[in-house]
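Below are the chains, spelled out letter by letter.
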Amino acid sequence: MPLHVTPLPPALSSSPSPTSAELLDFVRRTAADKELVDSLPLDPEGRTWVRLDGPGGSEAWLIGWPPGTGTGWHDHAESLGAFATARGTLTENALAVRLPAGGWKTLELADDLDRSRRLPEGTGRAFGRHHVHEVLNESTDTHAVSVHAYYPPLPLIRRFSRTGPVLRLEQVERPEEWQ
Ligand SMILES: [Fe+2]
């Protein structure tokens, strides 16, 4: 009997517009691909990343997070997405609010908008358009690795700083500047 090698199953749909559930399925399956996850070069000094082919034309990344690193607050404009932790544990702090599209520099947030969740190895989450969050590896000693997918491919990312309840728009980046 020849050895039968099974590739990753194809995405659930060949639709050109994958749903967030399909992106979540993709990032979970990819995060479970030990060979791929192990292929990511890790750098104790900073994040590392490899571009992946996401389903349905989505933008996908494999990202390594040294202890203590994070993204800072940002959103993904009109893109929806999903991410899953392949190694270690990530923390996501998110805002349960849709920010105004533009024409503002600072916003004062109501006091009940903060949401925080921990995503240990093997777990993931999907998010819709205009999702605002920061993702962190709060571990002091363990590198984390995660898989992310976005659709449509990210046109831009708005970066924010946060001082208590005040959110300030700092800059707008294209994804090639984002990593
Ligand atoms: Fe993000």
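Note that this is a predicted model, so its numbers are computed, not measured.

How each quantity is defined
Residues numbered from 1 in each chain as written. Predicted model: local features only at pLDDT ≥ 70, side-chain atom pairs only at ≥ 80, totals over all residues. Heavy atoms only, no water. Donors = N, O, S within 2.8 Å, 3.2 Å for Na, K, Ca; no water. Helix = DSSP H or I, 4+ residues; strand = E, 2+ residues; numbered from the N terminus. Buried < 20%, exposed > 50% of the residue type's maximum accessible area, 1.4 Å probe, protein only. Expected span 1.5 Å × (residues − 1). Contact = heavy atoms within 4.5 Å. Core = buried A, V, L, I, M, F, W, Y, C linked by side-chain atoms within 4.5 Å. Salt bridge = Lys/Arg side-chain N within 4 Å of Asp/Glu carboxyl O.

### Details of the coordination of the iron ion
- Coordination sphere of the iron ion, protein contribution only: His74 (NE2), His76 (NE2) and His133 (NE2), at 2.0 to 2.1 Å.
- For the iron ion, all donor residues lie on one chain, and their spacing in sequence is H-x1-H-x56-H. You can see histidine 76 sitting in the loop between strand S3 (73–75) and strand S4 (80–87) and its partner histidine 133 sitting in strand S9 (residues 132–136), a full 57 residues away along the chain.
- Using a relative accessible area of 0% as the deciding quantity, one classes histidine 76 as buried.
- Relative accessible area serves as the criterion here: at 2%, histidine 133 is assigned to the buried category.

### Some words on helix H1 (residues 20–31)
- The first and last C-alpha atoms of H1 sit 16 Å apart over 12 residues, in line with the 16 Å expected at 1.5 Å per residue.
- Looking at the buried residues of H1, the elements they touch are helix H2 (34–38), strand S1 (48–53), strand S2 (59–65), S4, strand S8 (124–127) and strand S10 (144–151).

### Describing the nonpolar core
- Membership of the largest hydrophobic core comes to 18 residues, with the highest contact counts inside it found for Leu23, Phe26, Val27, Leu62, Val145, Val147 and Ala149.
- Breaking this core down by element, the ones donating at least two residues are H1, S2, S4 and S10.
- With sequence-adjacent residues up to four places away left out, leucine 62 is seen in contact with Leu36, Val37, Leu40, Thr48, Trp49, Val50, Leu52, Val145, Ser146 and Val147.
- Core analysis: the second largest hydrophobic core is formed by 12 residues, Ile63, Val135, Tyr150 and Leu154 among them.

### Observations regarding the pattern of salt bridges
- Counted according to the given criterion, the structure contains eight salt bridges.
- Its salt-bridge partner being arginine 87, residue aspartate 38 comes within 2.5 Å of it at the nearest N-O pair. In this pair, aspartate 38 sits in helix H2 while arginine 87 sits in strand S4, placing the two residues 49 residues apart along the sequence.
- In this structure aspartate 38 comes out as partly exposed when scored by relative accessible area, which is 40%.
- You can call arginine 87 partly exposed: its relative accessible area is 26%.
- The shortest N-O distance in the salt bridge between glutamate 92 and arginine 117 comes to 3.6 Å. In this pair, glutamate 92 sits in strand S5 (residues 89–95) while arginine 117 sits in strand S7 (residues 114–120), placing the two residues 25 residues apart along the sequence.

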